[in-house]
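Overview (structure and organization)
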Amino acid sequence: MRLLFVHRPFIERFERAAFCKRLAEHARRRAIAYLVLVIAAAVFQANFCFGLNASPSLPDRLFLIHKGALPQRGEYVAFRWPGGGPYPAGVTFVKIVAGMAGDTVTRIDRDYYVNGVPVGTAKTVSRKGLPLEAGTVGVLPAGRYYVRAPHPDSLDSRYALTGWISEDQIIGRAYALF
């Protein structure tokens, strides 16, 4: 069969014996590079993952998550949603750590404070009209975090549904990519 517009040298490159010989030579020359690439990908996946913030609660949308790294105050934290409300259990949330163990969370009316610093105002109903119960106040115990986001509709520790995040829920520290 004659192929129009295809030159003979192009077709000869894919003849089985010649192709297999070139493929084996290519693999032999670049085996170390491929092995390093596979090892690097495995190490990356063991320590990092990507998280996507689908809501407008934070200014950034894509995050690199350092698995197992505990965040400090003011840093992003990625955690697993325990379930309830509008989200199924296991969804990844990214918020900002506003309070850590030993910090005092107080509320005046619907305004929340961590160590006297304002962190947000709790709404009485969600955007969908569902009632929202105010979150807990008091001293954060060991292994608990108060999380927040700057958006007024953020589902964070201002609400009982989210509450204080435990270390068991934390995936790791998150870094904003864009």
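Residues numbered from 1 in each chain as written. Predicted model: local features only at pLDDT ≥ 70, side-chain atom pairs only at ≥ 80, totals over all residues. Heavy atoms only, no water.

1. Here's the deal with the side chain of Lys95
Of note, Lys95 is situated in strand β4 (residues 92-99). Salt bridges are absent for the buried Lys95, whose nearest opposite-charge side chain, Asp156, sits at 5.6 Å. Within the structure, Lys95 has its side chain in polar contact with the side chain of Ser154 (distance 2.8 Å). With residues up to four places along the chain from it excluded, the contact list for Lys95 reads Ser57, Leu58, Glu75, Tyr76, Val77, Phe79, Val147, Arg148, Ala149, Ser154, Leu155 and Asp156. (Helix = DSSP H or I, 4+ residues; strand = E, 2+ residues; numbered from the N terminus. Buried < 20%, exposed > 50% of the residue type's maximum accessible area, 1.4 Å probe, protein only. Lys, Arg positive; Asp, Glu negative; His and termini not counted. Salt bridge = Lys/Arg side-chain N within 4 Å of Asp/Glu carboxyl O. Polar contact = N/O pair within 3.5 Å; in protein donor to acceptor, adjacent residues only side chain to side chain. Contact = heavy atoms within 4.5 Å.)

2. Focus on the pattern of salt bridges
If you walk through the whole model with that rule in mind, you get seven salt bridges. Among the salt bridges present, the one from Arg29 reaches Glu25, with a minimum N-O distance of 3.3 Å. On the criterion of helical spacing, the pair formed by Arg29 and Glu25 is a turn pair, its members being four residues apart in helix α2 (residues 16-47). Between Asp103 and Arg73 there is a salt bridge, with its nearest N and O atoms 2.3 Å apart. One end of the pair, Asp103, is in the loop between β4 and β5 (104-108); the other, Arg73, is in the loop between β2 (62-67) and β3 (76-80), with 30 residues separating them in the sequence. What emerges from the salt-bridge pattern is a single network uniting Glu25, Arg28 and Arg29.

3. Quick notes on the side chain of Asp60
Note on placement: Asp60 falls in the loop between β1 (48-52) and β2. Side chain to side chain, Asp60 and Tyr76 meet in a polar contact 3.3 Å long. Every residue in contact with Asp60, bar those within four places of it in the chain, is listed here: Asn53, Tyr76, Ala176 and Phe178.

From the geometry alone we can't say anything about function, so treat these as descriptive.
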